[in-house]
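In case you want the letters, here they are:
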Amino acid sequence: DSIGFSSFDAVILADVPRWSLDDLQEQHLYTFVHDLGGGLIMTGGPTSFGAGGWIGSKLELAMPIRC
């Protein structure tokens, strides 16, 4: 579940690569955004988006962009 995120309005990932989160953390964040309507701000950098391994990830489906 995404109980860990439920006390927040939004989560910010600033230049965070996919490998910084395990699969369960990614699933919880996806549930927080997709199912609970939580906010997600993801900023770019040398280790984020496509270069950071987010292509094809579960969380990519929750973003309004494609990596």
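As the structure is a prediction and not an experimental result, all values here were calculated from the model. (Residues numbered from 1 in each chain as written. Predicted model: local features only at pLDDT ≥ 70, side-chain atom pairs only at ≥ 80, totals over all residues. Heavy atoms only, no water.)

Asks: A description of the environment of Leu13 should follow, citing residues and the corresponding values.
Replies: Mapped onto the elements of the fold, Leu13 is located in strand S1 (residues 10-14). Given the relative accessible area of 8%, Leu13 is considered buried. Put simply, Leu13 and Ala62 are 49 residues apart on the chain and 13 Å apart in space, counted from C-alpha to C-alpha. Among all residues touching Leu13, those that are not within four sequence positions of it are Leu29, Leu40, Ile41, Met42, Thr43, Trp54 and Leu59. (Helix = DSSP H or I, 4+ residues; strand = E, 2+ residues; numbered from the N terminus. Buried < 20%, exposed > 50% of the residue type's maximum accessible area, 1.4 Å probe, protein only. Contact = heavy atoms within 4.5 Å.)

Asks: Now, about the packing of aromatic side chains: what can you tell me, with residues and values included?
Replies: Using the criterion set out here, one finds one aromatic pair in the structure. Ring plane angle 35 degrees and centroid distance 5.6 Å describe the contact between Phe5 and Phe32, whose orientation is recorded as tilted. Of the two residues, Phe5 sits in the segment before S1 while Phe32 sits in helix H1 (residues 23-34), which places them 27 residues apart along the sequence. Since its relative accessible area comes to 3%, Phe32 is described here as buried. The lysine or arginine in question, Lys58, covers the ring of Tyr30, its NZ or CZ lying 4.4 Å from the ring centre. (Phe/Tyr/Trp six-rings, centres within 6.5 Å; stacked < 30°, edge-to-face > 60°. Lys NZ or Arg CZ within 6 Å of the ring centre and 35° of its normal.)

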